[in-house]
Amino acid sequence: MFCVAARSTHPSNMNYDAILVVSFGGPESKEDVIPFLENVLRGRNVPRERMLTVAEHYYHFDGRSPINQQTRELIAALEAELERNGPKLPVYWGNRNWHPLLPDTLRNMKHEGIQRALAFVTSAYSSYSGCRQYREDIARAQSEVGSGAPEVDKLRAFFNHPGFIEATSERVDDALRAVPEQARQNAQIVYTAHSVPLSMAETSDYVKQLEEVRRLVSSALAQTNDVLVYQSRSGAPGQPWLEPDILDYLRRVKANNSASAVVLAPIGFISDHMEVVYDLDVEARQLCDSLRLPMTRAKTVGVHPKFVGMIRELVWERVNPKLERRTLGSLGPRTDVCAEDCCPAPQRHGGAG
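Predicted, not measured: the structure shown is a model, and the values here were computed from it.

## Here we look at the sheet that holds strand 9 (residues 295-297)
Spatially, 7-6-8-9 is the arrangement adopted by the 4 strands of the open sheet, whose pairing is parallel. One side of each edge strand has no neighbouring strand; the edge strands of this open sheet are strand 7 (226-231) and strand 9. In this sheet, adjacent strand axes meet at a mean angle of 25° when their direction is disregarded. Bridge count between strand 6 (residues 187-194) and strand 8 (residues 261-265): 5 bridges; the pairing is parallel. By the bridge assignment for strand 8, V190 is matched with L264.

Written out as structure tokens, the structure reads:
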């Protein structure tokens, strides 16, 4: 593992007066679930029965997704970090799919005199849904607000930033230590990420970046028994998505007796939201129990101090373009501004998320 640094070619007159945390959003009551899912699925040809099936995941937790509360906790940790170490900028919050919605947040920012903000998006990787779509959401919100809407510049993708890798490694190490002692000898780290359509994966570096994170974390932990799989697929049956699916893979592990235990490490997510707590803590846990396959699950980075410090560092490097842009591994830092043809939208064939 080695650190790569690059210098920005941006001009030095980058003056920002706020940080905007942009997230997916989630329902916080049973009454919110269907309107939230309708927001998520707007413009997509998804059968209502499929949407109602997904709604049951939320009803399992009384209609409350953990994501909004975890975003609040991240913002509080970031505010404390900025207060201690600067830059002392106010932090705003806008979601793609549920309150506080981006247009409302930008209106509030405009009212409070914010002119230019840096956006931290709660997605570490480059793909249409993880990067470009958020840029489109911001642009749409600016259009809704109209004249005087704040300018918003998105911080770079951070999958290979030392703060993300080190925080992730510590979370996975904690989970490895929680494996029953008698099952540790051949325990396997099963890294998971949200599956996406192949049409999305093939036009982005999503898989390459995930594989880099897998390699960097396993190297940091001196682990060689690992694999990358996918979860939370939501597309139509005939539409090809990234595989193998986590549940199919766990069955294969048991059938082949290829691991004494599994450590599920959701590196595709930065917080323990619905796809983690339902798809892994409920569905995968139930399957592992039925297979008698010992399982532990690593926490996501959440409010790990190294991760929160990484966000501050990403802000500083944009405020001061002379600062080095730290990365680990061989892929180097992503650019601040994506190419016009980067990560195009996939063809929609139905599905629900």
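## Regarding the packing of helix 6 (residues 162-177) against helix 12 (residues 305-319)
The interhelical angle for the contact between helix 6 and helix 12, taken along N-to-C directions, is 170°, at an axis separation of 8 Å. Classed by the angle they form, the pair helix 6 and helix 12 counts as roughly antiparallel. In this structure, helix 6 contributes G163, F164, E166, A167 and E170 to the contact, and helix 12 contributes K306, F307 and M310.

## Some points on the pairing of strand 4 (residues 116-121)
Where burial is concerned, most of strand 4 is hidden: 5 out of the 6 residues are buried. Here strand 2 (residues 18-23) pairs with strand 4 via 5 bridges, running parallel. Paired with V21 across the bridge in strand 4 is F120. Strand direction decides the pairing type here: strand 4 and strand 5 (residues 151-154), joined by 4 bridges, are parallel. Looking at strand 5, one finds that R116 is bridged to E151. You can see the chain leave strand 4, run along helix 5 (residues 128-145) and come back into strand 5, and the turn it takes is right-handed.

## So, empty space enclosed by the protein
One water molecule sets the probe size; rolling that probe over the atoms shows where empty space is left. In the structure shown here, the tally under the stated rule is 3 cavities of 30 Å³ or more. Here the largest cavity defines a volume of roughly 50 Å³. Along the walls of the largest cavity sit F164, T168, V172, A265, P266, I267, F269, K299, T300 and V301, which together make up its complete lining. Considering each element in turn, the lining of the largest cavity owes the most residues, 3 residues, to helix 6.

Criteria and cut-off values
- Residues numbered from 1 in each chain as written.
- Predicted model: local features only at pLDDT ≥ 70, side-chain atom pairs only at ≥ 80, totals over all residues.
- Heavy atoms only, no water.
- Pairing = 2+ DSSP bridges.
- Helix = DSSP H or I, 4+ residues; strand = E, 2+ residues; numbered from the N terminus.
- Axes fitted to C-alpha atoms, helices over the stretch in contact; angles between N-to-C directions.
- Parallel < 35°, antiparallel > 145°, perpendicular 65-115°, else oblique.
- Contact = heavy atoms within 4.5 Å.
- Buried < 20%, exposed > 50% of the residue type's maximum accessible area, 1.4 Å probe, protein only.
- Right-handed = clockwise from strand over helix to strand, strands pointing away.
- 1 Å grid on protein atoms, 1.4 Å probe; cavity = no way out; pocket = protein on both sides within 12 Å on 5 of 7 lines; lining within 4 Å.
- Points joined across faces, edges and corners; volume = space filled by probe spheres on them.

Just distances and angles here, no functional claims.
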